[in-house]
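Chain residues, written in single-letter form:
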Amino acid sequence: MNAKQALSALGAGAIFGVGLCLSGMTDPKNVLAFLDVTGRWSPKLAGVMFGAIAVHAAWLRFAARKTARAPHSLAPSNTSAPARVDAALVLGAAIFGVGWGLSGYCPGPSIVALGAGAGGAIVFVAAMVLGMRLCDALRGLTKTTAKQSSPREPHAAE
Amino acid sequence: VSLAILGGALIGLSASLFWSQNGRVAGVSGLLAGLFQSGSKARFERALFLLGLVIAGLLFGKFSHRIAAPVLPLAPLAFAGVLVGFGTRLGGGCTSGHGVCGLSRFSLRSLTAVCTFIATGALTVFVVRAFSLWSAR
């Protein structure tokens, strides 16, 4: 990684964070209002997603056209994950949704809230890292047992 | 709502910048998890992105009074945090990775994930409201 990449990583994080702050997504109440479909529903989060996806999708299209003309340009390698919908994906997303619906925090906003010094955000972030580690540890366990019981478990490592 | 779309556009811009310059998906849960995983690639880059998030929060907290507090007491907040961490890890992404980046590239996996976590999130809010376990509003 060169200095330019370091700067862009930091800048991208900062722009991301400012976007979350401006749009009000760092306030759990706004997030919960979006999820409160039978109560006082707020479309704000949908607006944020719309804005983000519109810009990013447009940019990706533009970049893809450029790459088609110049195939040597950077083709990042970390998107080649198999496009399979599996149980882990659905179960994981379902569990995440419950935590999200309880707290109104997802990973990005909780880290921004940590920076803003919102009380308790540090507890949430620490617990979140713990949950991630727990998942990695469990997956390590099942991977070893899967290897022992049946060698054909190609997606356990995914 | 216009501020929401503007903020969203900034997030989209950030994801594009990170993708083009660093070749990475701006998925916060994945970046965070990788930070604490031994032998993961580009730890420094991950740390810088996350530091950017923290700095944005710091600045915003300083110059605006929009510092939101968590709506839960600490113990349930920690419980929710564990669920979010575990779930995003198992599901391979969160609102940024699956939501913004994944949907932008029309990924079926991401669409499935987004529909699932919005559904269980909405259900959770509904159940919590129904039992009025907390009265944040």
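Located above this text is the structure these notes cover.
From a predicted model like this one, the values you see are computed outputs, not experimental measurements.

For the rest of this paragraph, the subject is the pattern of salt bridges. Evaluation of the coordinates by the stated rule reveals three salt bridges over all chains. Note that D36 of chain A is salt-bridged to R129 of chain B, the shortest N-O span being 3.0 Å. Of this pair, D36 of chain A sits in the loop between α2 (28–35) and α3 (44–69) while R129 of chain B sits in helix α6 (residues 108–130), on two different chains. D36 of chain A gets classed as buried once you look at its relative accessible area, which sits at 3%.

Listed as interface residues are 98 residues of chain B and, on the opposing side, 97 residues of chain A. For the pair chain B and chain A, the summed buried area comes to about 8,700 Å², and 77% of that belongs to carbon and sulfur atoms. Among the residues chain B hides against chain A, the three largest losses belong to F86, L90 and R109 of chain B. Together they make up 8% of the total. Taken together, the connections running from chain B to chain A amount to three salt bridges. Close ionic contact of R109 of chain B with D86 of chain A constitutes a salt bridge, the shortest N to O distance being 3.7 Å. Run the count over chain B and chain A and you get 13 residue pairs in polar contact (both at pLDDT 80 or more). At 20 residues, helix α1 (residues 2–22) of chain B tops the list of elements feeding residues into the side of chain B that touches chain A. Split into classes, the residues belonging to the side of chain B that touches chain A amount to 60 nonpolar, 30 polar and eight charged.

The subject of this paragraph is the packing of aromatic side chains. Enumeration according to the criterion identifies seven aromatic pairs over all chains in this entry. Measuring from centroid to centroid gives 5.9 Å for F34 of chain A and W41 of chain A, while their planes differ by 40°, and the two rings are tilted. Taking relative accessible area as the criterion, W41 of chain A reaches 43% and is therefore assigned partly exposed. Here the aromatic rings of F96 of chain A and F117 of chain B are separated by 4.8 Å at their centres, their planes lie at 70°, and the arrangement is edge-to-face.

What counts, and at which threshold
- Residues numbered from 1 in each chain as written.
- Chains lettered and ligands numbered in written order.
- Predicted model: local features only at pLDDT ≥ 70, side-chain atom pairs only at ≥ 80, totals over all residues.
- Heavy atoms only, no water.
- Salt bridge = Lys/Arg side-chain N within 4 Å of Asp/Glu carboxyl O.
- Helix = DSSP H or I, 4+ residues; strand = E, 2+ residues; numbered from the N terminus.
- Buried < 20%, exposed > 50% of the residue type's maximum accessible area, 1.4 Å probe, protein only.
- Contact = heavy atoms within 4.5 Å.
- Buried area = accessible area lost by both parts, 1.4 Å probe.
- Polar contact = N/O pair within 3.5 Å; in protein donor to acceptor, adjacent residues only side chain to side chain.
- Nonpolar A, V, L, I, M, F, W, Y, C, P; charged D, E, K, R; others polar.
- Phe/Tyr/Trp six-rings, centres within 6.5 Å; stacked < 30°, edge-to-face > 60°.

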